Amino acid sequence: MDRDPHVCVMGEDVGHYGGSYKVTKGLADKFGDLRVLDTPICENAFTGMGIGAAMTGLRPVIEGMNMGFLLLAFNQISNNCGMLHYTSGGQFTIPVVIRGPGGVGRQLGAEHSQRLESYFQSIPGIQMVACSTPYNAKGLMKAAIRSENPVILFEHVLLYNLKEKIPDEEYICNLEEAEMVRPGEHITILTYSRMRHHVMQAAKTLVNKGYDPEVIDIRSLKPFDLYTIGNSVKKTHRVLIVEECMRTGGIGASLTAAINENFHDYLDAPVMCLSSQDVPTPYAGTLEEWTVVQPAQIVTAVEQLCQ
Amino acid sequence: MVQHLKSSSSKSILLNVLRHNLGFSSPNHASRHLRQNLPHGPLSTRVSPNPVTRLCNTMVDTLSSIGSHEDANSQVMDFPGGKVSFTPQIHFISESNEERVPCYRVLDDNGQQLTNSRFVPVSEEVAVKMYSDMVTLQIMDNIFYEAQRQGRLSFYATAFGGEAINIASAAALSPQYFIFPQYREPGVLLWRGFTLQEFANQCFGNKSDYGKGRQMPVHYGSNKLNYFTLPNAVDAAYSLKMVGKDACAVTFFGDGGSSEGDFHAALNFTAVMEAPVLFICRNNGWAISTPTSDQFRSDGVVVKGRAYGIRSIRVDGNDALAMYSAVHEAREMAVREHRPILIEALTYRVGHHSTSDDSTRYRSADEIEWWNKARNPLSRFRTWVESNGWWNDESESDLRSRIKKEMLEAIRVAEKTEKPILNHMFSDVYDVPPLNLREQELLVRQAIKSHPQDYPSDVPL
C-alpha cells in the first residue's frame, strides 16, 4: 500500500478493528478509512464493488472474513471477476486479490470450516494460491497484488500464529511456482496450506524409520506447477497427495487426474490421495480432529506406497 | 383491544420504579439524590457489585439524557444509531402511502409543454441530436430485429418504448461518467458516438467486435466510451471517490432487476459510503412475462430509495424533457453532494423481451398497440421540437431514409466480415495464456486438422 496508491482494502471490520484475524491491523490508522474500508455485511456487494473498482483503475484487496462467506459472492467471483477480462475483449482488467482465512479450525462449526478452493478451482480466469508460512505469505501476497489477473489467496485459520524470521526487504514469490520443502528420493508428497505442517511432522517420523520423502508445497492451486511436480515424480515414481479438501472434487482429485494424465509412465504405484471425508465438519473437537488428515495416517500411507 | 397507557410518561414510570425501590418522594428529587448518592460516581464504567446501584447507574445515564419537561413529545432515548422519540401509542406504519408518489413530467400526452412545468432548458442543437438519436435507435432496433427474424442474427433485444430514457439520460450525463447498463440502453452508447457499424459488428460477433465475439448480441462494451454491460456501479463510484474525481457512476436496470439482492445491497452500500451513483430504473411494467404486480408490492421502485436513505424521484420515462431534467438535476446533486440518487422512470416495454419471446402470449396486442401509438415517446418529443421550429417533415424523412441506408450497409459489411481468429478463444482469460490453455488450443487445432470439413469456413485459424 505504501508503494502503490491504487492498492486499497475492503471487507468487514478491516478498518479500525484491524480485521477479525488482525491481518489489516494498523492499516486504517496509516492509510485512512476510505482506503481501508469497512463495508456493510454483503459479500456479494463488496466483492462486486472491488471488481468494479479494479475495472476503473484501483487494485483492491478484498477480505472475506472467513472464506466460507465468499460463497455469497460466488456470482461476482465467477461471472465478473473471472470472466470480465475475456468477455470485454481484453478492454478491462481485474487486478483484485481476494483473500481470507479458510480451512478447518478449532471448533468453528461446519459453515466456517470450508475449503473453498474446491469450489472455485473450475472458474476460468482466476488464479488460486495458498500460503503456508510467514515467508511465503508475504511473498505471495505481494505477487498477487502486483498481478494483473484476479488472484484468490487462501490463508488458513490456524496458521496465523506461526512465527518465522523473514527478510525485511522486498521479495515476491512466483505465483505459479511450487515450493520444494524437503528434497528426497523415495516418494513425492504433494501438499499445501496447513497440511504441509502435518506432512513435515510425519516426515520426521518417516526419516527415523529410514524413509526419504520429498515434500513439495504446491502453493499454486490453479494452475498447478506441473514442471516442479513432474520432475519430482520422474525422480521418485511414487506420489502421495495430502490435502484438507473433501475427497470428492477437491484439489487432490484434480491433481491426481493431472498427474495420471501427464506422468503415468513414470509411476510405479497408483497416486494416493489423503483427504478429508465427504462430511460437513463436526463441531465436537474429537470428531473434528478426525476429519483432518493426521501425521500418523501420512506415515502409514507412505509405508504402504513404498512397499 | 389495546388500552392506552395512562398519562404517565416513560420518565415518570422509570422514576416511579425508582421511588418504589429506593424510597424517594419526587422525580426531580430522585435524580438529584441518585447522582449524589452513588458510591462510584454518576457515570462510572466499573461494574458495581451491588445490583441496585448498577440499576441506578444505568438509570442516571438515561435520566440525564431525558428532557427536563415531562411533555411526551420531547422524550427521547439514545439507542445506538441516534435519538428517537417515544410514543405511548402502538402504531404500525402503513405498508403504503394513501397516494402513490407523483410522477414528474413536462410534456403532456400530445407533446404540448404543460403550463407551470419546470425543466432544464435544452438548446436547439441538443434537442435535435436527442430526437435524431431516438429515431436512429428505433430504426436500428427495427432492422436488427428483422435481421434476426431472417436468420442473419442469432439474437436481439429491442428498446422500443425506451427511446426517451436511453437518449435523454445519456444527453444529461457527461461522457466521462462510467455507465453500467443492463441491455435495453444501447441509445446511451449511440449518443456517445458508437457507430451503427460498431453495433453491427458486435451483434454479428465478427473480428471488428471489441468483445472479440465472446458476448451475445446487445452486450456492448466500450472502454473508450466508458460503458460496459455489468451491474456494478457501486464499485466504480468507490473508485471515483478514492481518486477524488468530480464524476459519478450510472447504472440502469429494470423493474425485474430491482428484485435482485444486488440492487438492495448496492443502494445500501452507496448510501453508507456517500458515493456518487445514479440508479436509473426503467420500470416498463414487464419482466419477460412477469408483470410488476408479481414483482413487488411496494409503490414501484421509487419508494425503496427512502428505505436506504437515498433521495429519489419518479419520472415519466416517455417524456424526453422530463428525463433530461431529472437526470441532469440528479447528477448535479450526486457529484456536488457525494450521494447516490434513485430515479424511477415509468414507461412501457412496447417490444417483446427479446427475439426469444412472443409477448402476445401473456398480454393483449391492443395494450401494446395503445402504448406504441398513444404514448409514444418519439411523437411527443417531436411535437415539442417542431413547435420550436427546429424540425419538420422533410428533416424527418431525410433522417429516416439516411439511417435506414446506413443500417443496411452496416449489416451487409458486418455479415461479410470474418469472425475473430481461433486464438481469441484462449486469449484474455489471463494476461498471458498459461500452459494448460496453450495445450488446450493445440488440441483444438489438432482436431480441426483431422476434421477440416467440420470447421466453419468464416473463422480464421
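Everything quoted here is computed from the prediction, not taken from an experiment. (Residues numbered from 1 in each chain as written. Chains lettered and ligands numbered in written order. Predicted model: local features only at pLDDT ≥ 70, side-chain atom pairs only at ≥ 80, totals over all residues. Heavy atoms only, no water.)

Explain the pattern of salt bridges to me, please; I cannot follow it from the model alone.
Oppositely charged side chains may form a pair once their charged atoms are brought near each other. Residues and elements named next belong to chain A. Following the criterion strictly, the structure yields 39 salt bridges over all chains and no others. The closest approach of N and O atoms between glutamate 63 and arginine 99, which form a salt bridge, is 2.7 Å. Separated by 36 residues along the polypeptide, glutamate 63 in strand 3 (residues 59–63) and arginine 99 in strand 4 (residues 97–102) bring together distant segments of the chain. Residue class for arginine 99 comes out buried when judged on its relative accessible area of 1%. One salt bridge in this structure joins arginine 196 and aspartate 217, with 2.8 Å as the shortest N-O distance. One end of the pair, arginine 196, is in helix 7 (residues 194–208); the other, aspartate 217, is in strand 9 (residues 213–217), and 21 residues separate them in sequence. Residue class for arginine 196 comes out buried when judged on its relative accessible area of 9%. Taking the relative accessible area as the measure of exposure, aspartate 217 reaches 0% and is therefore buried. (Salt bridge = Lys/Arg side-chain N within 4 Å of Asp/Glu carboxyl O. Helix = DSSP H or I, 4+ residues; strand = E, 2+ residues; numbered from the N terminus. Buried < 20%, exposed > 50% of the residue type's maximum accessible area, 1.4 Å probe, protein only.)

Mind showing me how you'd approach the interface of chain B and chain A here?
It is common to report an interface's size as the accessible area lost on association of the parts. In this assembly, 34 residues from chain B lie in contact with 40 residues from chain A. Carbon and sulfur atoms supply 66% of the area that chain B and chain A bury against each other, a total of about 3100 Å² over both sides. Our count for the chain B to chain A interface comes out at 0 salt bridges. Inspection of the chain B/chain A interface yields 9 residue pairs in polar contact (both at pLDDT 80 or more). For the side of chain B that touches chain A, the elements supplying multiple residues, two or more each, are strand 3 (178–180), strand 4 (221–222), helix 8 (233–243) and helix 9 (261–273) of chain B. Class assignment of the residues belonging to the side of chain B that touches chain A gives a composition of 17 nonpolar, 10 polar and 7 charged. (Contact = heavy atoms within 4.5 Å. Buried area = accessible area lost by both parts, 1.4 Å probe. Polar contact = N/O pair within 3.5 Å; in protein donor to acceptor, adjacent residues only side chain to side chain. Nonpolar A, V, L, I, M, F, W, Y, C, P; charged D, E, K, R; others polar.)

I tried to follow the sheet that holds strand 2 (residues 36–38) of chain A on my own but got confused; where do I start?
Residues and elements named next belong to chain A. As summarised here, the arrangement of the 7 strands in space is 2-1-3-4-6-5-10, forming an open sheet in which the pairing is mixed. What marks the edges here is a single partner per strand, and that holds for strand 2 and strand 10 (220–222). Geometrically, the sheet is characterised by an average inter-axis angle of 20 degrees between neighbouring strands, direction not taken into account. Of the pairings in the sheet, the one linking strand 1 (residues 7–11) to strand 2 comprises 3 bridges and is parallel in character. Bridging from a neighbouring strand, valine 9 pairs with valine 36 of strand 2. Sitting on the sheet, helix 6 (residues 134–146) touches strand 1, strand 3, strand 4, strand 5 (127–130) and strand 6 (151–156), and the angle it makes with strand 6 is about 160 degrees. (Pairing = 2+ DSSP bridges. Axes fitted to C-alpha atoms, helices over the stretch in contact; angles between N-to-C directions.)

Sorry, what's going on with the UniProt feature "domain: Transketolase-like pyrimidine-binding" (unreviewed entry) in chain A here?
Those places that UniProt annotates as "domain: Transketolase-like pyrimidine-binding" (unreviewed entry) correspond, in this numbering, to residues 1–162 of chain A. For residues 1–162 of chain A, helix accounts for 30% and strand for 18%, while the C-alpha atoms at its two ends are 23 Å apart. (UniProt positions renumbered as here; feature names shortened; annotations may be inferred.)

Please clarify how helix 14 (residues 393–416) of chain B should be interpreted in this entry.
What sets the pattern is the α-helix's 3.6 residues per turn: residues three or four places apart point alike. Residue and element names in this part refer to chain B. Relative to the 34 Å expected for 24 residues at 1.5 Å per residue, helix 14 spans 35 Å between its end C-alpha atoms, a close match to the ideal helical length. Residues Glu396, Leu399, Ile403, Met407, Ala410, Ile411 and Ala414 constitute the buried set of helix 14. Tucked into the core, helix 14 has its buried residues touching helix 4 (124–149), helix 7 (196–204) and helix 13 (377–387). With a side-chain oxygen lying 3.0 Å from the backbone nitrogen of glutamate 394, the N-terminal cap of helix 14 falls on asparagine 392. (Expected span 1.5 Å × (residues − 1).)

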